[in-house]
Amino acid sequence: MIKSKKINIFWKLKNSAFAKKNKDVLFESERRIGSSVTAVAKMITCEEEMKNLMPEVLSLSSTSPFWDDRLKYYWDSISEPIFEGGKELEIGYNYNTSIARVSENIKLFNKNVSEKEQLTTEESIAEYFEKRETELNKRYSDAIVEASKLDAKTRNEQERIAYDAKYDALVELEKIKYKFGKPINVNDYLLYRYCLGYRDVANDIKYIDKSPSIRFYLYSDAQIKEDRDRHNKVKQQAMKLYLSVISDGEQVENILYVLGKGFELIGKELTETDKAEILEREYLNNTDKFIMVANDKTVKDKGRVEKLIAKGILKRLPNTDVIVDSADGTVVLGNTVDEAVSYLANEKNKQKLNEFIGRYKTPTVN
Amino acid sequence: MREIQPVTYNSTVYSDVNLLYSNSLIEPAQLTSKLTYFYGKDSDMFPLLFSTQGQGIINKVAPKALNDTQYEWPVMGRMKHTSAIVGLANSSNTKPGLAHGSFEAIFEDNWLIGQYGLTTPDKAHTLRIQGEAVQLGPKQYKYLLALSTADATEYVSLDNFVPGTNWVMTAPNVAMVLSDGNRSNSMAPGKWTNQYDIVRFSKQITGNIANKVTPIEFDLSDGTTTKLWMPFEMKLFEQDKRIMMEEKLWNGKYNRDEYGVIHLKDPVTQEPIPQGAGVKEILKSVGQYDTYSTLTLAKLDSMVNTIFANRIDSTPMELLLYTGSGGIEMFNNAIKNAASANSYYEKLGGEEIQGGKNGMLSYGKYFGQYKTISGYTITVKQAHIFDHGTYAEMDKKNGRVINSHPYESYDMVLLDHSMSNSGERNVQFVCEAGRENISGVYRGLTPLPASWGAFDRNGLSTRKDMASYEDMSTGGINILNPFTSYFLNFAA
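Keep in mind that this is a model prediction, so the values were computed, not measured.

Draft legend 1. Highlighting the overall build of chain A. Across its full length, chain A holds 17 helices and twelve strands. Radius of gyration (C-alpha) of chain A: 28 Å, far over the 21 Å computed for a compact globule of 366 residues. Projecting the C-alpha coordinates of chain A onto the three principal axes gives extents of approximately 90 × 60 × 40 Å. Within chain A, residue pairs in contact and separated by at least 24 positions form 66% of the contacts whose partners lie at least 6 positions apart. Both charge centroids of chain A, one from 61 positive and one from 61 negative side chains, sit 2 Å from each other.

Draft legend 2. Looking closely at the interface of chain B and chain A. The interface is formed by 38 residues belonging to chain B together with 34 residues belonging to chain A. Of the roughly 2800 Å² buried at the junction of chain B and chain A (both faces included), carbon and sulfur atoms supply 55%. When residues of the side of chain B that touches chain A are traced back to their parent elements, those giving at least two are β3 (70–75), β11 (190–195), α4 (279–285), β15 (289–292), α5 (297–309) and β27 (486–490) of chain B. Residues that form the side of chain B that touches chain A fall into these classes: 15 nonpolar, 15 polar and eight charged.

Draft legend 3. Looking closely at the packing of helix α2 (residues 37–44) of chain A against helix α9 (residues 186–196) of chain A. Residues and elements named next belong to chain A. Direction vectors running N to C along α2 and α9 enclose 125°, while the axes themselves pass 8 Å from each other. The angle between the axes of α2 and α9 places the two elements in the oblique class. Classified by chirality, the crossing of α9 by α2 is right-handed. Two secondary-structure elements touch here, α2 through Ala39, Val40 and Met43 and α9 through Leu190, Arg193 and Tyr194. Its residues assigned to classes, the contact of α2 with α9 comprises five nonpolar, no polar and one charged.

Draft legend 4. Representation of the sheet that holds strand β7 (residues 181–183) of chain A within the structure. Overall, antiparallel pairing links the three strands, which are arranged β1-β6-β7 (chain A) in an open sheet. In this open sheet, the two strands that pair with only one neighbour each are β1 (2–3) and β7 of chain A.

Draft legend 5. Expanded view of the state of the cysteines. Residue and element names in this part refer to chain A. Counted under the stated rule, the structure contains zero disulfides over all chains. Here Cys46 stays unpaired: no disulfide links it, and the sulfur of Cys195, its closest cysteine neighbor, is 15 Å away. In this structure Cys46 comes out as buried when scored by relative accessible area, which is 7%.

Draft legend 6. A look at helix α10 (residues 221–245) of chain A. Residues and elements named next belong to chain A. Relative to the 36 Å expected for 25 residues at 1.5 Å per residue, α10 spans 37 Å between its end C-alpha atoms, a close match to the ideal helical length. For α10, the set of buried residues is Gln223, Glu226, Asp227, Arg230, Val234, Gln237, Ala238, Leu241, Tyr242 and Val245. The inward-facing, buried residues of α10 abut α7 (122–147), α8 (152–174), β9 (216–219), α11 (249–258), α13 (272–285) and α14 (287–295).

Draft legend 7. Fine view of the sheet that holds β9(A). All names here are of chain A. Strand order in the open sheet formed by four strands is β5-β2-β9-β8, with mixed pairing between adjacent strands. On the outer flanks of this sheet lie β5 (87–90) and β8 (201–202), each paired with one strand and no other. Pairing analysis gives four bridges linking strand β2 (residues 6–11) to β5, with the strands arranged antiparallel. Pairing of Lys6 across the sheet is with Glu90, part of β5.

Draft legend 8. Inspection of the pattern of salt bridges at higher detail. The final tally for this structure, using the stated rule, is 46 salt bridges over all chains. The partner of A:Asp200 in a salt bridge is A:Arg215, and the shortest N-O contact between them spans 2.9 Å. Here A:Arg215 lies in the loop between β8 and β9 and A:Asp200 lies in the loop between α9 and β8, a separation of 15 residues in the sequence. With a relative accessible area of 0%, A:Asp200 lands in the buried category. A salt bridge links B:Glu104 to B:Lys142; the nearest nitrogen and oxygen atoms lie 3.7 Å apart. Taken together, the residues span a long stretch of sequence, with B:Glu104 in strand β5 (residues 103–107) and B:Lys142 in strand β9 (residues 140–147) at a distance of 38 residues. Since its relative accessible area comes to 22%, B:Lys142 is described here as partly exposed. A single network of salt bridges, built from pairs that share partners, joins A:Lys261, A:Glu264, A:Arg281 and A:Glu282.

Draft legend 9. The arrangement of the nonpolar core in detail. Ranked by size, the top nonpolar core spans 53 residues in total, and within it A:Ile33, A:Trp75, A:Tyr192 and A:Tyr194 carry the most contacts. For this core, the leading source of residues is α9(A), giving eight residues. Excluding residues within four positions of it along the chain, A:Ile33 makes contact with A:Ile78, A:Ser79, A:Glu80, A:Ile82, A:Leu191, A:Tyr194, A:Cys195, A:Tyr198, A:Val201, A:Phe216 and B:Asp290. Listed in part, the 42 residues of the second largest apolar core include B:Ile205, B:Trp229, B:Phe232 and B:Met245.

Draft legend 10. Main features of the packing of aromatic side chains. Residues and elements named next belong to chain A. Evaluation of the coordinates by the stated rule reveals 32 aromatic pairs over all chains. Both rings, one in Tyr93 and one in Tyr95, keep their centres 5.7 Å apart while their planes meet at 20°; by these two values the pair is stacked. Across this residue pair, the class does not change: Tyr93 and Tyr95 are buried. Within the aromatic cluster, the residues linked to one another by ring pairs are Tyr93, Tyr95, Phe109, Tyr128, Phe129, Phe180, Tyr189 and Tyr192. The residue whose ring lies beneath Lys177 is Phe129, and the NZ or CZ to ring-centre distance is 5.6 Å. Over the ring of Tyr360 we find Lys311, and its NZ or CZ is 4.8 Å from the ring centre.

Reading the values: the criteria
- Residues numbered from 1 in each chain as written.
- Chains lettered and ligands numbered in written order.
- Predicted model: local features only at pLDDT ≥ 70, side-chain atom pairs only at ≥ 80, totals over all residues.
- Heavy atoms only, no water.
- Helix = DSSP H or I, 4+ residues; strand = E, 2+ residues; numbered from the N terminus.
- Rg over C-alpha atoms; globule rule 2.2 N^0.38 Å.
- Contact = heavy atoms within 4.5 Å.
- Lys, Arg positive; Asp, Glu negative; His and termini not counted.
- Charge placed at Lys NZ, Arg CZ, Asp CG, Glu CD.
- Buried area = accessible area lost by both parts, 1.4 Å probe.
- Nonpolar A, V, L, I, M, F, W, Y, C, P; charged D, E, K, R; others polar.
- Axes fitted to C-alpha atoms, helices over the stretch in contact; angles between N-to-C directions.
- Parallel < 35°, antiparallel > 145°, perpendicular 65-115°, else oblique.
- Left-handed = near helix turned anticlockwise from the far one by under 90°.
- Pairing = 2+ DSSP bridges.
- Disulfide = S-S within 2.5 Å.
- Buried < 20%, exposed > 50% of the residue type's maximum accessible area, 1.4 Å probe, protein only.
- Expected span 1.5 Å × (residues − 1).
- Salt bridge = Lys/Arg side-chain N within 4 Å of Asp/Glu carboxyl O.
- Core = buried A, V, L, I, M, F, W, Y, C linked by side-chain atoms within 4.5 Å.
- Phe/Tyr/Trp six-rings, centres within 6.5 Å; stacked < 30°, edge-to-face > 60°.
- Lys NZ or Arg CZ within 6 Å of the ring centre and 35° of its normal.

Right, dumping it as structure tokens:
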């Protein structure tokens, strides 16, 4: 059964300032997928898979005494030109139960799984791989949604972990496909597999800037769908949170202050509807940050700090996150808003808190 | 026994006698007065400075407007004859051109000209462009096309219409009589831009350091030796300055954005700080770049083929492959492995094993040149900056080392130093006329060392016991035609 699947390798747009400055006269005709120690090692360690897929590429039997040298030579020599329009790769598989080794592998596989998961036909093999891929995509998608609730630094870390986990799992899955058939286009498939481990290729357009060495990215129709689904999920989550807080005027105000919108509120006679509209704009245009703030258990306390800053009672030192008393710079509440929250929550500083509240309530005289 | 320390570092602003004491250079007894360089001397470290500035290949740019260090040079590419297709105008047409019928196709630009011929990407069909383009939108130009065939069953197969695929224009065919003229495309030179850097180094001293003698004999750049401290310190100062300049020429990053704005500013004066692209960035920006893990002859050939694909004239090429010790080993191994694979054992063995002195055998001979199929010779040139420069030093400290060589040592840069068709050297050092290198002394009451040169030794600039040697240079690298050079980047 032929199960076609396409993916494209595209150029990352010119990224050096020199290239951008000279973009009208630079004639960059091609970029090359070259070799790297890590990516080559990843391919070579898939020993059995290479022995099944590479003999026709190398025109050499895998039992040849020169096999190991020639295999390494091939991967060390890789220098595949990719032109400006990108390159489409056929990475699908032809699952074929009539091949003797495939029947053997099916028997081995079935020994280790429940009756429900048994592979019986070529269709069931294709379904098995599709299902596994859908599962890992879902795991990734869920992890990204979860990460969106975290602060920027942790979110980036979690996204990175989810990204690595997804592609590690994908490679593990791809590594066993050869047991059940053969790629429709062996050369394209091997290049795809190589790219998954090559430092100059981002496996997902979202991570195109994760390293300055990235010159290419992989993109498929399936990925477009995946991105839309993920985007939709995040939007839904944001909408749910919006609806849950909108009836609580104080909570809306706190969220807006923490989102840095204090300047739109301070000194203005805004109605609940006005504030709800500002919040709606934020949840639609600044979704990730909105989710993170709305989920934050300390939003009330942080909102209080931000209100005091907006009113000029406290001061955030320029180009830092350090928060001090505006009237007395020696009173440092903390190096971050979290530390300032702890300061104000501390029983020892109750007098100071009352003083700030008193100053907050005092009308400003110009 | 006292443990000898290899190097002591001092980052205090002023050099004074305390520096000598703190660095244990004033000691009662020494085993030898000759200085031992644990890591060798830093000569032969500056291949780019040497091959450009050192050979007088300097392009002095006249100063331009305030704070502008940009320079341009006109360039000419090769005439293009191709256009990328967007698709068929009528997507339901599955057999375009069948039965001698015309059909419409959309291209990304209007480079194609009416009356000219056109060949499909699979080279199986020739067509004629039956009129000029009609613009449908941005990057969409519609053309009327007709197959040039006698076969009524021929049509253009649909795989030729994959978006982005290039079709090529051929000679215009017209009728025997009543033909009309057409037009032609033209191409004008473009201009490339880069900019040079302005760098400053200072050496500040105080007290009587200028006249202090140490028990160690230092060798100087001119081959003489001295026991005076300052000439030696100035030698180190100059070497360090050159290492950093050389590193900039290789690794510099252009810092003006596409609108010409420099965002890096001096925090005190708010003046922009220009930095130019170095060799590696220039080559990477034009696609003269590949990565490698273990060098193979196939990879070397691929690099050479790319270079010759970009050059169609027969201008003699002087190709030098700059690399560190790691790269030299890779180069040698790549050729030896290829020779072994071709069973040239006897010849190789004969070269490698030779009679040495005193009845001893010597083993080892290494490849340093490669002759291409086109008859050009690539010569390997060891660039110590790749082994011992600042980037290499950082690699070592960060454990980015393979076979005792830093990753940087494996990078290979093939530079074409030939004369361009304009009679200039392809690789040039660029600086500002009048400010190539300026140095001066800011003088207080501190005695000045002779190595600071013949500056005014009478007037004072400050009442303090201090003096400062100030050095300012402008400089950058320019490759007139980067398409005949190449950067092979070692990728871990």
